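Observations on the three-dimensional arrangement
Here is how the chains run, residue by residue.
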Amino acid sequence: MKTSVTGFGDGFSILPPLLILVFTMSAPCRAQSTLSLQEAVNKALASRASLKAEAEQVFIAQGLEKQAKLIANPVLEIQDENVLRPPRTYPTDVDSSAVFTQPLDVLGKRKQRITVADKGVSLAQEKYELAKRQVTQNVSLSYWGARGAQEKCDLLKATGENFQKIVDYQAAQLSVGAISEQDLLRVRLEGERLKIAAGLAVIEATRARVQLLKEMGQSDFPEVLLTEPLDANNAAIEPTEIGQVLAQRIEVKAAHAAVEEARANMRFQDVSARPDLSILYGFKRVQIVDAPAGVSTAAAGVQITIPITDRNQGNRAAANAEGRRQQQLLAATEAEVRADYFSALQEYQLRRIEVFETLQPLREHRSEERRVGKGVDLGGRR
């Protein structure tokens, strides 16, 4: 009978060496390097390449704003007439002129162009803040997911170690005939299940840690110990008015900035349909017939475009459509924020119940198991 017990135990003894290998090769739940939530967020904000790329959008918008404020360059036109009329003597037969043309932004185009560029800078800044918030949110979620996996790993590992003492105690009881062989088999089977669960928890904790470092923008994946306490804040968070939530959310601010930029562009396209005005001033030398020398004079004029066929109809229609589109996107963003808020509020309440009604008793149970395990160990030695 004792031989069959040994054979049954040997059948299950294949798993513990494999799990010991998993514990050895994979990431341990405790490491020397520590990482708090704020440190993780700060590293992500400093090293995420996508966030740096989004920051460049702000400089792009600022460059476009600077360009919009510049005054148009003048045009210099130099012209010679009658250069092919024979006989040709340059000082007496050729008419020469030099004219400067300066475009004027006096009909509101320059002002509205600057306004559009300014709204573009505001939009780029809001998008950058939105990107920072999304990075912070993703890192925070990944951090707490990894922190929970680490805590689960610790709990299962400690439970398995303590349960092994119970298995050893039951084996000692069997050797003196105090319990039956079937009772020992049930205890050993439960111990094997705990070891398997602990090995899977190590894999899950490693995967969660790698995901956290990925969200932080790290190129290497060292061992880290997440130090943020799970029960640091026991006070419940009071719900906030939805109007205040909409006013504070970066997504809504970015959507409002996009609407303002679209409206500014609509006004700009309207004023772009106005005529373009330029002034001309220059010098002209004209050869008079039968005169021994040419006559030099000044030239001045005004140049105006006449918007007959092209009244910027296409750009105005596109700008109006873009304005309506951004307005709809603002409404969609507000609806999404409302849904996210009420969903997050409900999830927070459920998670809080889970932490204080499930996780906290489990941690207390781990402490109790340690105490019982020590007692069993002392009893076995006796």
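Residues numbered from 1 in each chain as written. Predicted model: local features only at pLDDT ≥ 70, side-chain atom pairs only at ≥ 80, totals over all residues. Heavy atoms only, no water.

1. Quick look at the overall build of the chain
Looking only at helices and strands, the chain has ten helices and six strands in total. Per-residue burial over the chain gives 30% buried out of 382 residues. Excluding contacts between residues fewer than 6 apart, the proportion of contacts in the chain whose partners are at least 24 apart in sequence is 81%. A total accessible area of about 23900 Å² is found for the chain, and carbon and sulfur atoms account for 57% of it. (Helix = DSSP H or I, 4+ residues; strand = E, 2+ residues; numbered from the N terminus. Buried < 20%, exposed > 50% of the residue type's maximum accessible area, 1.4 Å probe, protein only. Contact = heavy atoms within 4.5 Å. Areas by Shrake-Rupley, 256 points an atom, 1.4 Å probe, with all protein chains shown as cover.)

2. Here we look at the pattern of salt bridges
Summed over all chains, the structure comprises 14 salt bridges. One salt bridge in this structure joins Glu-215 and Arg-48, with 3.6 Å as the shortest N-O distance. Taken together, the positions of Glu-215 in helix α7 (residues 181-215) and Arg-48 in the loop between α3 (37-47) and α4 (49-68) put the pair 167 residues apart, joining distant regions of the chain. Of the two residues, Glu-215 and Arg-48, both sit in the buried class. Salt bridges here are not isolated pairs; linked through shared partners, they connect Arg-133, Arg-249 and Glu-251. (Salt bridge = Lys/Arg side-chain N within 4 Å of Asp/Glu carboxyl O.)

3. Examining the packing of α3 against helix α6 (residues 109-175)
Where α3 meets α6, the axes come as close as 9 Å, and the angle between the chain directions of the two elements is 140°. Between α3 and α6, the angle falls in the class oblique. For the pair α3 and α6, the sense of crossing is right-handed. Side by side, α3 and α6 meet where Leu-37, Ala-40, Val-41, Ala-44 and Leu-45 of the first sit next to Lys-132, Val-135, Thr-136, Val-139, Ser-140, Tyr-143 and Trp-144 of the second. Taken together, the residues of the contact of α3 with α6 sort by class into nine nonpolar, two polar and one charged. (Axes fitted to C-alpha atoms, helices over the stretch in contact; angles between N-to-C directions. Parallel < 35°, antiparallel > 145°, perpendicular 65-115°, else oblique. Left-handed = near helix turned anticlockwise from the far one by under 90°. Nonpolar A, V, L, I, M, F, W, Y, C, P; charged D, E, K, R; others polar.)

4. Here we look at the packing of aromatic side chains
If you walk through the whole model with that rule in mind, you get two aromatic pairs. Ring geometry for Tyr-341 versus Phe-342: centroids 5.2 Å apart, planes at 70°, classification edge-to-face. According to the relative accessible area criterion, Tyr-341 is buried, its value standing at 14%. The class of Phe-342 is partly exposed, set by a relative accessible area of 48%. (Phe/Tyr/Trp six-rings, centres within 6.5 Å; stacked < 30°, edge-to-face > 60°.)

5. A short note on the confidence of the model for the chain
Looking at the chain as a whole, the pLDDT averages 82, with 78% of positions reaching at least 70. When mean pLDDT is compared element by element in the chain, helix α9 (residues 250-271) scores highest at 95, while helix α1 (residues 2-12) scores lowest at 38. Taken as a whole, residues 1-31 scores under 50 in pLDDT and shows 38 contacts with residues more than four places along the chain or in a different chain. (pLDDT = per-residue confidence, 0-100.)

6. A few points about the sheet that holds strand β3 (residues 95-104)
Ordered by their spatial adjacency, four strands build an open sheet running β2-β3-β5-β6, and the pairing between neighbours is antiparallel. Here the strands that pair on one side only, and so sit at the sheet edges, are β2 (75-81) and β6 (295-304). On average, each strand axis in the sheet is tilted by 15° relative to the strand beside it, whichever way the strands run. The pairing of β3 with strand β5 (residues 277-286) spans nine bridges and is antiparallel. Pairing of Ala-98 across the sheet is with Phe-283, part of β5. (Pairing = 2+ DSSP bridges.)

7. Overview of α4
The end-to-end C-alpha distance of α4, which contains 20 residues, comes to 29 Å, matching closely the 28 Å that a straight helix rising 1.5 Å per residue would cover. The complete set of buried residues in α4 reads Leu-51, Ala-55, Val-58, Ala-61, Glu-65 and Ala-68. Take α4 and look down its axis: the buried residues cluster within an arc of 125°, on one side only. The exposed set on the far side of α4, more than 90 degrees from its buried face, consists of Ala-49, Phe-59, Leu-64, Lys-66 and Gln-67. (Expected span 1.5 Å × (residues − 1). Arc of directions from axis to C-beta.)

8. What to know about the nonpolar core
Formed by 22 residues in total, the largest nonpolar core has its most connected members in Leu-35, Ala-40, Val-139, Tyr-143, Leu-212, Met-216 and Leu-226. Elements that contribute at least two residues to this core include exactly α3, α6 and α7. Excluding anything up to four places from it in sequence, Met-216 contacts Leu-35, Ala-40, Lys-43, Ala-44, Ser-47, Arg-48 and Val-139. Counting eight residues, the second-largest nonpolar core is a separate cluster that includes Val-245, Leu-246, Val-252 and Tyr-341. (Core = buried A, V, L, I, M, F, W, Y, C linked by side-chain atoms within 4.5 Å.)

9. Quick look at the environment of Val-167
Residue placement: Val-167 occurs in helix α6. Under the relative-accessibility criterion, Val-167 is labelled buried at 8%. Along the chain, Val-167 and Leu-184 lie 17 residues apart, while their C-alpha atoms are 7.4 Å from each other.

10. Some points on the environment of Glu-322
Following the sequence through the fold, Glu-322 ends up in helix α10 (residues 313-381). Linking Glu-322 and Ala-262, residues 60 residues apart in sequence, is a C-alpha distance of 6.3 Å.

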